[in-house]
Amino acid sequence: MDTTARPEPPPSPAQDDQRGPAADPRAIRRAAWAGLIGTALEQYDFVIYGTASALIFSKLFFPNISPAAGILASFSAYAVGFAARPLGGLFFSRFGDRLGRKWVLVATLLLMGGSTLAIGLLPTYAQVGLLAPVLLVACRFVQGFGAGAEQAGGATLLTETARIGRRGRLASLVMTGAALGTALGAVAWILVQLLPEPALLSWGWRLVFLSSLAVTIAALVIRRKLNESPVFEDLKQQHAEPRKPVGEVLRHGRRPTLLVLFMNFGVTAQSYTYQVFMASYLVSSIGVDRVFVPKVLLAGALCGGVAAIGFGMLSDRFGRRPIYTMIVVALVILPAPSFMLLDTRSPVAIVAVIVLGFILAGQGAVGVQMSYFPELFGNRYRYAGVTLGREFSAALGGGVAPLICAALLSAYGGSWVPVALYMMGVMLVSLVATRLAPETLDRDLTVPEDATAGR
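Basis of the calculations
Residues numbered from 1 in each chain as written. Predicted model: local features only at pLDDT ≥ 70, side-chain atom pairs only at ≥ 80, totals over all residues. Heavy atoms only, no water. Helix = DSSP H or I, 4+ residues; strand = E, 2+ residues; numbered from the N terminus. Buried < 20%, exposed > 50% of the residue type's maximum accessible area, 1.4 Å probe, protein only. Contact = heavy atoms within 4.5 Å. Areas by Shrake-Rupley, 256 points an atom, 1.4 Å probe, with all protein chains shown as cover. Salt bridge = Lys/Arg side-chain N within 4 Å of Asp/Glu carboxyl O. Arc of directions from axis to C-beta. Core = buried A, V, L, I, M, F, W, Y, C linked by side-chain atoms within 4.5 Å. Polar contact = N/O pair within 3.5 Å; in protein donor to acceptor, adjacent residues only side chain to side chain. Phe/Tyr/Trp six-rings, centres within 6.5 Å; stacked < 30°, edge-to-face > 60°. Patch = residues over 30% accessible without salt bridge, like charges linked within 9 Å, V, L, I, M, F, W, Y side chains within 5 Å. pLDDT = per-residue confidence, 0-100. Expected span 1.5 Å × (residues − 1).

Asks: Quick question: what am I supposed to make of the overall build of the protein here?
Replies: Helix and strand counts for the protein stand at 22 helices and 0 strands. In the protein, which comprises 455 residues, the share counted as buried stands at 60%. Sequence separation of 24 or more characterises 86% of the internal contacts of the protein that already satisfy a separation of 6 or more. Total accessible area on the protein is roughly 17,000 Å²; 68% of this is exposed by carbon and sulfur atoms.

Asks: What is the right way to look at the pattern of salt bridges in this model?
Replies: Oppositely charged side chains can form a pair if their charged atoms are brought close together. Enumeration over the complete set of coordinates arrives at 7 salt bridges. In this structure, the salt-bridge partner of Arg 320 is Asp 316, at a minimum N-O distance of 2.9 Å. Each member of the pair, Arg 320 as well as Asp 316, carries the same accessibility label: buried. Connected via shared salt-bridge partners are Arg 167, Arg 169, Asp 316, Arg 320 and Glu 375.

Asks: What is the right way to read helix H18 (residues 335-342) from this model?
Replies: Along an α-helix, residues three or four positions apart point the same way, because every turn accommodates 3.6 residues. The set of residues buried in H18 consists of Pro 335, Ser 338, Phe 339 and Leu 342. The arc that holds the buried residues of H18, viewed along the axis, is 90°, so those residues lie on one side. Residues of H18 that are buried make contact with helix H15 (254-286), helix H17 (320-333), helix H19 (347-375) and helix H22 (417-436).

Asks: What should I look at first to understand the nonpolar core in this one?
Replies: Within soluble globular proteins, side chains that are nonpolar tend to cluster in buried spots. Counting 126 residues, the largest nonpolar core has Phe 57, Phe 61, Trp 189, Trp 205, Phe 209, Tyr 324 and Phe 339 as its most contacted members. Ranked by residues supplied to this core, first place goes to H15 with 16 residues. Apart from residues no more than four positions distant in its own chain, Trp 205 is found in contact with Ile 56, Phe 57, Leu 60, Phe 61, Ile 119, Gly 120, Leu 122, Thr 124, Trp 189, Val 192 and Leu 200.

Asks: So what exactly am I meant to see when it comes to unusual backbone geometry here?
Replies: Glycine aside, the phi torsion of most residues is negative, and most peptide linkages are trans. The backbone of Arg 345 shows a phi angle near 65°, a positive value even though the residue is not glycine. Along the polypeptide, Arg 345 turns up in the loop between H18 and H19. A residue is classified by how much of its surface remains accessible, and Arg 345, at 49% relative accessible area, is partly exposed. For Asp 442, which is not glycine, the phi dihedral falls at a positive 60°. With respect to the helices and strands, the residue Asp 442 is situated in the segment after H22. Relative accessible area serves as the criterion here: at 33%, Asp 442 is assigned to the partly exposed category.

Asks: Looking at this structure, I do not really get the side chain of Ser 212. What am I missing?
Replies: Here Ser 212 is to be found in helix H12 (residues 212-223). There is a polar contact of 2.9 Å between the side chain of Ser 212 and the backbone oxygen of Phe 209.

Asks: Help me understand the packing of aromatic side chains, please; the structure alone is not making it clear to me.
Replies: One pair of aromatic rings is described through two measures. These are the centre distance and the angle between the planes. This model, assessed by the stated rule, comprises 13 aromatic pairs. Note on Tyr 281 and Phe 339: the rings are 5.3 Å apart at their centroids and 85° apart in plane angle, and the pair reads as edge-to-face. On the criterion of sequence distance, the pair formed by Tyr 281 in helix H15 and Phe 339 in helix H18 is long-range, its members being 58 residues apart. By relative accessible area, which is 0% here, Phe 339 ends up buried. Residues Tyr 324 and Phe 373 carry aromatic rings whose centres are separated by 6.5 Å and whose planes lie at 65° to one another, so their mutual orientation is edge-to-face. Of this pair, Tyr 324 sits in helix H17 while Phe 373 sits in helix H19; the two residues are 49 residues apart in sequence, bridging distant segments of the chain. Both residues of the pair, Tyr 324 and Phe 373, count as buried. Site record: aromatic cluster; members linked through ring pairs are Phe 91, Phe 92, Phe 141 and Phe 145.

Asks: What exactly am I supposed to notice about the side chain of Arg 382 here?
Replies: Inspection of the secondary structure assignment puts Arg 382 in helix H20 (residues 382-399). Judged by its relative accessible area of 0%, Arg 382 is buried. Reaching out from Arg 382, the side chain makes a polar contact with the backbone oxygen of Phe 377 at a distance of 2.8 Å.

Asks: Please explain a nonpolar patch on the surface as it appears in this structure.
Replies: Where nonpolar side chains cluster on the molecular surface, the patch consists of Leu 87, Leu 90, Phe 141, Val 142 and Phe 392 and spans about 360 Å² of accessible area. Contributions of two or more residues to the nonpolar patch are made by helix H4 (67-96) and helix H7 (131-147). Within the fold, Leu 90 resides in helix H4. Classification of Leu 90 by relative accessible area gives partly exposed; the value is 31%.

Asks: I'm lost on the confidence of the model for the protein in this one. Help?
Replies: Note that predicted coordinates carrying low pLDDT should not be read in detail. Averaged over all residues, the pLDDT of the protein is 82; the fraction at 70 or higher stands at 85%. Ranking the elements of the protein by mean pLDDT puts helix H1 (residues 13-19) last with 43 and H17 first with 97. Predicted confidence is poor over residues 1-23, with pLDDT under 50, and the contacts of this stretch with residues over four places away or in other chains come to 35 contacts.

Asks: Any chance you could explain the environment of Phe 277 here in plain terms?
Replies: Structurally, Phe 277 can be placed in helix H15. Of the residues examined, Phe 277 reaches a relative accessible area of 1% and is grouped as buried. Each C-alpha atom, one on Phe 277 and one on Cys 405, is 7.1 Å from the other, the two residues being 128 residues apart in sequence.

Asks: Honestly, H17 in this entry has me stumped. Any pointers?
Replies: Counted at 1.5 Å a residue, the expected span for H17 with its 14 residues is 20 Å, and the 21 Å between its end C-alpha atoms agrees. Contacts made by the buried residues of H17 are with helix H9 (167-171), H15, helix H16 (292-318), H18, H19 and H22.

Asks: I keep staring at the environment of Ala 84 and nothing clicks. Help me out?
Replies: Here Ala 84 shows up in helix H4. A C-alpha to C-alpha distance of 7.4 Å links Ala 84 and Val 142, two positions 58 residues apart in sequence. Those residues in contact with Ala 84 that sit more than four places away from it in its chain are Phe 141, Gly 144 and Phe 145.

Written out as structure tokens, the structure is:
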């Protein structure tokens, strides 16, 4: 028997990136900036639309119905964007695992930015009648279709590019970008609300949507210079890219995809409840001045952006599962105390509730997801699996959450109790799913097996 020790073969480029120092720090920086700014644009688009839905769109596009029905109609149009996200996820995930992460992120960026720009140019109901809300819904659909692969794509690219031991903090920059987008959206509304109300309703609101052009151009310049992730490059060298990634997810990756769906379901519902529904609730039920709402959202976004990185770093140290579980448990408990504090009408209490909602649901939990969810999948259909799980849960959770909350509030005479019970119920679903999920910290991302294999 030959007992001579044989040297191990050198690692592939992907393995080197995943288990040792990154070969190209510039590629990591570009990926970080691309994920941050691209998600900033996505969140900016959604926040300015959500704030407009809560504050003025009922007057501009649905003026011939009661104020409560107008808010429901505005939130219904808002939900259309989330309904489009799984369709966009299905479409783009086919190419993210076949052609690469980079060019999908460029395409989604152009769709999101273009549709937001178009909303700023739309005629209102007073100008063209029923055609106005139809065009609004169409633009919202395209906006959601483009967003369907945005966060999942950024998370996958950053997680596959980061050095082992630093995935959590690097991938969480995607949600720091989301916080930046929320902050920019809040600043835009703060500035435009300085205008007299007639000017705001006639042309001022358009400036908020037209301003997305600057963010789109900045993100496009950065994304065109992106490198592909080392994991995908390794798949290309081995000619192992899947021909039908979505089909492979449905055949082999159902378990991690369902875990992603249910783990994100409650989080995204609460996230958009705090970011969108609460703005309407503060104005219509609490009697808060409309001008105060964007300022509260700005404070929440700034704190949430810091929390995303903080929780990402904690997940690198203590593991994804325990940190995510801690956040989800807190979100199960939070709804009832939140409404009790809001009902005090104290500005300090209102700011505390919104900030805590952003820290936990808005950015904190999702900051952990950015590395946790990609690590659940093997290398062949990671982009498709993360995209499908996140976007279907976003449609079922975040897309309809403001609409459900507004409907419950209206149906129960303005009582917040059914809304709080709804928020707690969806979070219990995410808690159960989290306890069923495996730990993925520092998992080898170059292997084809899912983290759930053998469980």
